[in-house]
Amino acid sequence: MVKAPVKKNLSSTQVLKTLAVLLQGDFTMQELITKLNADEAAPVFNNSVISKYINTCRYVGIDIPKIHNKYFVNSMPFGFELTGNDIGILETLRNIVKQEMSSKCNKIFDSFLEKINRFSNKKIARVEKETYHMAAELFELALTEKRKIRLMFKNKTIYDCTPIGIVESKNKTFFHITYRDKEKMIDVSRVSGLQVLSEKYVQNFNEQVVIFELKSPLAQRYNLRENERLLKNFDGHSITVSNHGEGKEILFSRLLRYDDKCEIINPKPYREEMKQIISSALENYGEV
Amino acid sequence: MLKLAEHTEINQVSLTGVRALIILALLIESPKSFKEIHQSLIDYKLMQAGDSTDIIRIDINTLKNSGCEITRAGSKTNFKYTLLKHPFSMEFTKEEISVLKRAYNKIKSSSGIELMLKYDELFKKLAANVTDCAGKEVLYGISVLKNLNTGIIKELIEDCAAKRTLTLMYQNPSAKEASQKVVSAQKVALQNDSVYLYCFDFAKKESVTLNIKRILSIISRISDGRNIEIKTTNVKFFLKNSCLSDIDDDEVIVEELPYGKVIEGKYYNDFIAMQRILSFGADCTVLEPADFREKVIEKLKSMKGVYNG
């Protein structure tokens, strides 16, 4: 028996298609005509048809303004409600991105906010695109192009160094670098200038893996971070964990908290450095 | 409930299109039965009671044809249509979520538990409004409270504000079975990505920190308003200028020196104090009290033993 074709409403299909295309971005009428007709056997969308469908969407409360000749979905009633708290939180996050991240990150976050703006019923203030943290932007450029950087400190010291990443910790931003073969975390507030040098570097320090052992009882209750993997399950005594790419100072500070229940296994320089930190700490008390 | 524009504002609309959008909105709100959809369309004056209900079936087919995944209204779904996926929802890119995560990670260490609960709610709300399963999971995963029962956290915050005495079942990591504890709730705090209840343990007669993840249940709450005086662990220490860490709220600088500063910290108990001091590594020297200084030395010797063994 031949199955009867499923009945559907052509006009509704075209309204939904118009809405789906409008949700992809901002388009002029001509762009909408081209996009909507792209997969049609014959052109069915013209100026008056699209206008009618846009009006249909507007009729149910979908806000579709036309600015600079472009139509876009500003908000949808069946999006979601943002509370005052939510908006405050998003504003805080936006300010962090604006003040402390590169223009690329700003652009990405703008796009994120714009999507939330479209699908939520309350507006979020637009991010001013011209504001960004210049040093962070240059740092990221150096990383992308694998070029060394020159950090000029407020106390006139100069470091020609290799960038590793920008690390946020405890409300501060640090340039994670290697200088004379040693990893360092430089508080950005100490830096007065940053220059991208023409000299390239080859090593990718982001891949630094640190392996450490955690002993009982910490081993049983340890929560793996997202950049960590369990190398050895709990054997009644300990677990072994590998940590990828965490800033050294931050990692050391955390592992020190685990006192004698933690032991760095690899890499050897890290193990030696931890040993040195403990010995130096003991020397503070006159103990050798 | 959608609010339709006045006809005077709209000179030309597709009424079948309006019906499809209304049904879409109804299903986004929650699963609906055929009867509920029918009644809503009558309420919106888009149908009359005597109209053929086939119109609704055609509209649902139209939505399916436009990319909506809608279940059958059968016994498995309590005779309701459920919208599983639709092309009109948010989808975030990996880069967008990554920047969001970076900004959140920056703010979380300096934010209190109440604020973290609000972030958690926002991430859950965003996740609920994306249809892409992978995106949902990543959004759920950003929050530091992702695997915790936020309901218990909120209740405990209230308990602390009211200084209640709680009887709770707690799974001590070193014990095989959970045991009962009677404590006076003091404070809920976020520390190293874990949430702790700072409280006074009546059996131990000392202040303790309990990982909220290990609180299995709260058996009873008594609002006796008992004011327990917490004896903090006060430590005076020297911190070199090379140390990157910020001073916490429970620490004050008592003296600035050329190469560092003398700080006095008031910590909830010895364990918290010890963790804080050790985290400074060789940048820190405990000055007072002598017995705590000795404990730190012993701990460091034990740590050194780990590497020399």
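**Q** How should the pattern of salt bridges be read in this particular structure?
**A** A side chain of one charge can pair with a side chain of the opposite charge if their charged atoms are brought near each other. Taken as a whole and judged by the stated rule, the model has 33 salt bridges over all chains. Here E287(A) ties to K301(B) by a salt bridge, and the two come within 3.3 Å at their closest N and O atoms. Separated into two different chains, E287(A) in the segment after α9 (268-283) and K301(B) in helix α9 (residues 290-308) make up a pair that spans both. Residue class for E287(A) comes out partly exposed when judged on its relative accessible area of 23%. In this structure K301(B) comes out as partly exposed when scored by relative accessible area, which is 36%. Residues D248(B) and R276(B) are paired through a salt bridge, measuring 3.6 Å at the closest nitrogen-oxygen approach.

**Q** I tried to follow the packing of aromatic side chains on my own but got confused; where do I start?
**A** We describe a pair of aromatic rings using the distance from one ring centre to the other and the angle between the two ring planes. What the rule picks out here adds up to 14 aromatic pairs over all chains. Seen from their ring centres, F252(A) and Y270(A) are 5.5 Å apart, and the 75° between their planes marks the pair as edge-to-face. With F252(A) in helix α8 (residues 248-257) and Y270(A) in helix α9, this pair connects stretches of sequence that are 18 residues apart. With relative accessibility at 5%, the residue F252(A) sits in the buried group. The exposure class assigned to Y270(A) is buried, which follows from its relative accessible area of 5%. Among the aromatic side chains, those forming a connected cluster through ring pairs are F109(A), F112(A) and F92(B). The ring of Y270(A) has K248(A) sitting right over it, with the charged end atom 5.4 Å from the ring centre. When the ring centre of Y198(B) is taken as origin, the NZ or CZ atom of K187(B), which lies over that ring, is 4.7 Å away.

**Q** Mind showing me how you'd approach the nonpolar core here?
**A** Taken as a class, soluble globular proteins show a tendency for nonpolar side chains to be buried jointly. Residues L19(A), I22(B), I153(B), V188(B) and L197(B) are the most contacted members of the largest nonpolar core, which totals 109 residues. Excluding residues within four positions of it along the chain, I153(B) makes contact with I113(B), L117(B), L145(B), L148(B), V188(B), V195(B) and I212(B). L251(A), I277(A), Y285(A) and C284(B) belong to the second-largest nonpolar core, a separate cluster that totals 47 residues.

**Q** Would you mind showing me how to read the sheet that holds strand β10 (residues 233-240) of chain B here?
**A** Hydrogen bonds between backbone atoms are what pair the strands of a sheet, whose relative direction is either parallel or antiparallel. Residues and elements named next belong to chain B. As summarised here, the arrangement of the 4 strands in space is β11-β12-β10-β13, forming an open sheet in which the pairing is antiparallel. Of all the strands in the sheet, just β11 (251-257) and β13 (284-288) have a single pairing partner and so form its edges. Each neighbouring strand pair of the sheet contributes to a mean axis angle of 25°, computed without reference to strand direction. Lying on the sheet, helix α8 (residues 270-279) is in contact with β10, β11, β12 (260-267) and β13; it crosses β10 at an angle near 5°. Across the sheet, α9 touches β10 and β13, and the angle it forms with β13 is around 150°.

**Q** I keep staring at the confidence of the model for chain B and nothing clicks. Help me out?
**A** Note: predicted coordinates in regions of low pLDDT should not be interpreted at a detailed level. Model confidence for chain B is summarised by a mean pLDDT of 87, while 97% of its residues fall at 70 or above. For this predicted complex, the interface score ipTM comes out at 0.72, alongside a pTM of 0.60.

About the cut-offs
Residues numbered from 1 in each chain as written. Chains lettered and ligands numbered in written order. Predicted model: local features only at pLDDT ≥ 70, side-chain atom pairs only at ≥ 80, totals over all residues. Heavy atoms only, no water. Salt bridge = Lys/Arg side-chain N within 4 Å of Asp/Glu carboxyl O. Helix = DSSP H or I, 4+ residues; strand = E, 2+ residues; numbered from the N terminus. Buried < 20%, exposed > 50% of the residue type's maximum accessible area, 1.4 Å probe, protein only. Phe/Tyr/Trp six-rings, centres within 6.5 Å; stacked < 30°, edge-to-face > 60°. Lys NZ or Arg CZ within 6 Å of the ring centre and 35° of its normal. Core = buried A, V, L, I, M, F, W, Y, C linked by side-chain atoms within 4.5 Å. Contact = heavy atoms within 4.5 Å. Pairing = 2+ DSSP bridges. Axes fitted to C-alpha atoms, helices over the stretch in contact; angles between N-to-C directions. pLDDT = per-residue confidence, 0-100.

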